[in-house]
Amino acid sequence: MQLTVWTYEGPPHVGAMRVATGMEKLHYVLHAPQGDTYADLLFTMIERRNKRPPVTYTTFAARDLGKDTAELFMSAARNAYARFKPQAMIVGASCTGSLIQDDPGGLAKSLGFSIPVIPIDLPAYQRKENWGASETFYQLVRAIAGPKAPPPGTKRAERAPGQRAKCNLLGPTALGFRHRDDITEITRLLGQLGIDVNVVAPMGATPADLTRLGEADFNVVLYPEVASQAASWLQRIFHQPFTKTIPIGVSATREFVREVAGLAGVDPEPVLAAASTRLPWYSHSVDSTYLTNKRVFIFGDATHAIASARIASEELGFKVVGLGTYSREFGRDVREAAAKYGVEALITDDYLEVEAKVAELHPELVLGTQMERHIAKRLGVPCAVISAPVHVQDFPARYAPQMGFEGANVIFDTWVHPLMMGLEEHLLAMFKDDFEFKDGALPSHLGTGHAPASAPAAAEVAVALPQSAPVLDGAASNPAPVATAPTGAVWAPEAEKELLKIPFFVRGKARRNTERFANENGVATITVETLYDAKAHFAR
Amino acid sequence: MTVHVTGCSTATADQLVSREIRTESGQREVFCGLTGIVWLHRKIQDAFFLVVGSRTCAHLVQSAAGVMIFAEPRFGTAIMEEKDLAGLTDANDELDRVVTQLLARRPDIKLLFLVGSCPSEVIKLDLSRAALRLSQRFSPGVRILNYSGSGIETTFTQGEDACLASLVPELPAQTDTKPSLLVVGSLADVVEDQFARMFEALGVGNVAFFPPRKSTALPSVGPNTKILMAQPFLPDTVRALEERGAKRLAAPFPLGVEGTTGWLRAAADAFGVDPAKFEQVTAPNRARAERALSAFKSELGGRRIFFFPDSQLEIPLARFLSRELDMQLVEVATPYLHREHLAEELKLLPIEVALTEGQDVDDQLDRCRIARPDIVVCGLGLANPLEAEGITTKWSIELVFTPIQGYEQAADLAELFARPLVRRAKLVA
């Protein structure tokens, strides 16, 4: 048993639902007790989908267990077939459904529907959501594209001269982190290269579309967590190569352009020359000097975590102090990436372990999931969200891809805004002795609604200064020490007074650093000297 | 509007028997009883709820809890894994380990509920024995109880019933012979305080609320206890209290002016409060509530409303909306209908109303689309899809989480139904 407070991934049948809900004209009949229908609201409320997910639950109850639950499954499947008239059906069981061992696959086959019925067997007590999505997509591709496979040993026909190359985009699902916009961005980029998109799957595809997967020249794997397995099979059976580079960040997008151009036999240089992205220039501008070596902690699914570490380190000039993932299946890739930054990867699905690590590392920015957003909030550290599990906020009304050149622009803004802003940080250093800097002074971007009882006169001047403090939800309104680590050291009164001279929005950090320094050096009483010793120690 | 419960009924006992109730069984779009944890953990402030279940349970509780409002809430899941399913002794050892780990982490916990789930029920993991064993180990510091919130046993609000029923054996026996009143069912603290003041003014002394805010302050129960149900979904709890000698007072539920008055009157009558005094104490509140409600009458009067089954609050809500706001009831569905506990409500419900017990969600959606009601009350899974079809909805879950009982909340309750209609009318794009 594993004690959990929050979980990063749902059960594997939710992964199957993400595939089914992303697709059109596919229906999922799920042998599950009442209560498992909660999963519908992930799609209708979090993603704000305007339709119910295409899932029929058998919703068996205790009184059914003594009777014929198999018949219950068959009537649910029959009704779903008649009502929704899907092109194909997937059938399976949720965790409890699997315990009653009714064999949905066999039962559904016996109903003799005239459409493909694909059993999806998901070991609910071993695996999780992303694995479930991957397995479901793989089984669908096998079952539906498989019949079109060329005989073993045949070579792929050469593309006719003058004909544009075609590829499939694999991996986007319902409830995916910015999948909707990534598809648009990558389709556009491929179009600029003269490459057509044959099928996007699972998102937006019908089962009929899946029969055409083999017609593409190669596959673009956007999200390996979902698409690797299917892409490997397509490579084996249809001899379609697939891309390895994930186009998140400027450098990775450039590499991606070269990789797909190679596979399609086109010239990448005109597209690379014409590519416009503001990230590199914004990073070079003096305003970004303050970003130098900002200590950043990164946690998310493997794809987004690895890509984020590269952008943070190479494109924004941060220092990666922690990198981790909850995707155990991709633990090796994350470990390899972490080694590049001289850190040990944190591979865990235990939220409490991640929290402990963040507290220990004292990062200046957290890039994580919604879970890390909460961790960061508790610790008073700025945070930006880079990965699923998703939240309603991760489905913005505006266009906000993560992939491609526009994705890089979006990432620059999203990560930098929670931090103190460029020139403002320099000014803060210059004005740090100003008498107007006191606890009541409001960050300029926060309205009066967030005001702690502040002197209006002071606020006016403070607001005029471009001080725009970090989005420390907790810290701004509660300048008291933020979740200080247990400490043996005691503050001398003068040192405490000196600490109060430090602007409140960095005081928490100064306090933590000083206490940490005192503990590590066996200092029992923190004096003014200790404070400055610590400042010197942590100075860069 | 003058409201009296007695003499105001629209149906006779005979008609009640003949009232037609459609019973449906099929796909249900209803939360399971685990979801009760979301409000119970706020109510009993020193309790922790540990679901013994699957990853699905953990995911459900997390999703239903509004996706992480609290950085570290007082609930969690012991997720069963392959190895736990292999042999039961193993699962018990594992559970002990997880509970020990949890209590070490949260020394503030005084009451721990082991909450059974579908998988733990199906594999017949004996949580009552586990609770007993762990209680011996951690007493007197921590009390450990168990109940089932599984979706094969319970729907949504029934989780609270199972939880409270598990607490009943822990209630101390009443020692004095003075009659006491026990209000049963979670109410928001603010509502509880209003009712406490009301009972005080009426001279109904010795009032306790169950569940209590602190698990260390359990009310006593015995033959002199009179039960007033604050929620309609508590049959097991009430039965367990009756087995301890308590007597249930027949009353409508305290929703709207009429329901609140009937509810308070049931207590007042049982405690021999002079009718004149009752009138004197409640009149100002009634008048104030009616004044506040009148603002919504023009908004809601004549509008047609359709209830999907969710919390078992549907019947009292429908009674309030039809009688105090003149709304027309197209269909009122409830996951379960307790004929006896809802008898006072059913008397007040228009006789021609279509009542449904249980659900077949696809058939019900068909009926709803044909009826085209002005507003639909439904769960979160259905709300946005119906809105997208142009049907105005009210999320039913808000009716469980929001303080809606009593005089002071009557207009708030009406507003919950008026707001979606106002919104739809405002939006032009």
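All values reported here derive from a predicted model rather than from experimental measurement. (Residues numbered from 1 in each chain as written. Chains lettered and ligands numbered in written order. Predicted model: local features only at pLDDT ≥ 70, side-chain atom pairs only at ≥ 80, totals over all residues. Heavy atoms only, no water.)

> Lay out the sheet that holds strand β6 (residues 180–184) of chain B in plain terms, naming residues and giving numbers.
Residue and element names in this part refer to chain B. If you trace the four strands from one edge of the open sheet to the other, you get β7-β6-β8-β9, paired in parallel fashion. At either margin of the open sheet sits one strand with a lone partner, and together these are β7 (207–210) and β9 (247–248). Note that β6 and strand β8 (residues 225–229) share five bridges and pair parallel. Within β8, the residue paired with V184 across the bridge is M229. In this fold helix α10 (residues 235–243) packs onto β6, β7, β8 and β9, with an angle of close to 170° to the strand it touches most, β8. Contacting β6 and β8, helix α11 (residues 256–270) crosses the sheet at an angle of about 170° to β8. (Pairing = 2+ DSSP bridges. Helix = DSSP H or I, 4+ residues; strand = E, 2+ residues; numbered from the N terminus. Contact = heavy atoms within 4.5 Å. Axes fitted to C-alpha atoms, helices over the stretch in contact; angles between N-to-C directions.)

> So what about the confidence of the model for chain A? Which residues, and what values?
Looking at chain A as a whole, its pLDDT mean stands at 88, while 87% of the residues score no less than 70. Note that residues 445–485 of chain A has pLDDT below 50 and, in this model, 66 contacts with residues that lie over four places away or in other chains. (pLDDT = per-residue confidence, 0-100.)

> So what's going on with the pairing of strand β12 (residues 355–359) of chain B? Residues and values would help.
All names here are of chain B. Among the five residues that make up β12, five are buried, leaving the element largely enclosed by the rest of the structure. Where strand β1 (residues 21–25) meets β12, five bridges bridge the pair, whose relative direction is parallel. Paired with R22 across the two strands is T356, which belongs to β12. As paired elements, strand β11 (residues 328–334) and β12 share three bridges and run parallel to each other. Each bridged residue has a counterpart across the sheet, and for V332 the counterpart in β12 is L355. (Buried < 20%, exposed > 50% of the residue type's maximum accessible area, 1.4 Å probe, protein only.)

> So what's going on with the packing of α11 of chain B against helix α13 (residues 314–324) of chain B? Residues and values would help.
All names here are of chain B. Packing of α11 against α13 brings their axes to within 8 Å, and their N-to-C directions diverge by 120°. Relative to α13, the element α11 is oriented oblique. Across the interface between the two elements, G256, V257, E258 and G259 from α11 touch R319, F320, R323 and E324 from α13. Of the residues in the contact of α11 with α13, the class split is two nonpolar, two polar and four charged. (Parallel < 35°, antiparallel > 145°, perpendicular 65-115°, else oblique. Nonpolar A, V, L, I, M, F, W, Y, C, P; charged D, E, K, R; others polar.)

> Mind laying out the pairing of strand β4 (residues 88–93) of chain A, listing which residues take part and the relevant values?
It is a general feature of regular strands that their side chains alternate between the two faces of the sheet. All names here are of chain A. The element β4 is largely enclosed, with a buried count of six among its six residues. Here strand β2 (residues 26–31) pairs with β4 via six bridges, running parallel. If you follow L26 over to β4, its bridge partner there is A88. Sheet topology places β4 next to strand β5 (residues 117–119); three bridges connect them, and they run parallel. Bridge pairing links M89 to V117 in β5.

> Go over the packing of aromatic side chains, please, and point to the residues and values.
The final tally for this structure, using the stated rule, is 15 aromatic pairs over all chains. Here the aromatic rings of W6 of chain A and F75 of chain B are separated by 6.0 Å at their centres, their planes lie at 85°, and the arrangement is edge-to-face. A residue pair is termed interchain when its members come from two chains, as with W6 of chain A in the loop between β1 (2–4) and α1 (12–22) and F75 of chain B in strand β3 (residues 75–79). Side by side, W6 of chain A and F75 of chain B carry an identical accessibility label, which is buried. Taken together, a centroid distance of 5.2 Å and an interplanar angle of 45° make the contact between F306 of chain B and F308 of chain B tilted. Ring pairs connect the aromatic residues F31, W39, F156 and F401 of chain B, which therefore count as one cluster. The side chain of R178 of chain A reaches across the aromatic face of F177 of chain A, ending 4.9 Å from its centre. Directly above the ring of F242 of chain A sits K244 of chain A, whose terminal nitrogen or CZ lies 4.3 Å from the centroid. (Phe/Tyr/Trp six-rings, centres within 6.5 Å; stacked < 30°, edge-to-face > 60°. Lys NZ or Arg CZ within 6 Å of the ring centre and 35° of its normal.)

> I'd love a proper account of the nonpolar core, names of residues and values included.
Of all hydrophobic cores here, the largest spans 180 residues; its most connected members are F49, F113 and F199 of chain B. For F113 of chain B, the residues in contact, after removing those within four places along its chain, are I44, A47, F48, F49, L50, L145, Y147, C163, S166 and L167 of chain B. (Core = buried A, V, L, I, M, F, W, Y, C linked by side-chain atoms within 4.5 Å.)

> Outline the interface of chain A and chain B, listing residues and values.
In this assembly, 56 residues from chain A lie in contact with 65 residues from chain B. Between chain A and chain B, a total of about 5,100 Å² is buried, with carbon and sulfur atoms accounting for 61% of that surface. Per-residue buried area on chain A facing chain B is highest for M1, W6 and Q34 of chain A; these three make up 19% of the total on that side. Note that R105 of chain B is salt-bridged to E355 of chain A, the shortest N-O span being 4.0 Å. For the side of chain A that touches chain B, the element with the most residues is helix α2 (residues 40–46) of chain A, which contributes six residues. Residues of the side of chain A that touches chain B, tallied by class, amount to 26 nonpolar, 17 polar and 13 charged. Pairing analysis gives three bridges linking β1 of chain A to β3 of chain B, with the strands arranged antiparallel. Looking at the pairing, L3 of chain A lines up with A78 of chain B of β3 of chain B. (Buried area = accessible area lost by both parts, 1.4 Å probe. Salt bridge = Lys/Arg side-chain N within 4 Å of Asp/Glu carboxyl O.)

> Could you give an account of the environment of R236 of chain A, naming the residues involved and the relevant values?
Residue and element names in this part refer to chain A. Along the chain, the position of R236 falls in helix α10 (residues 224–238). Residue R236 is classed as exposed on the basis of its relative accessible area of 55%. Residues R236 and P152, spaced 84 residues apart in sequence, show a C-alpha to C-alpha distance of 9.6 Å.

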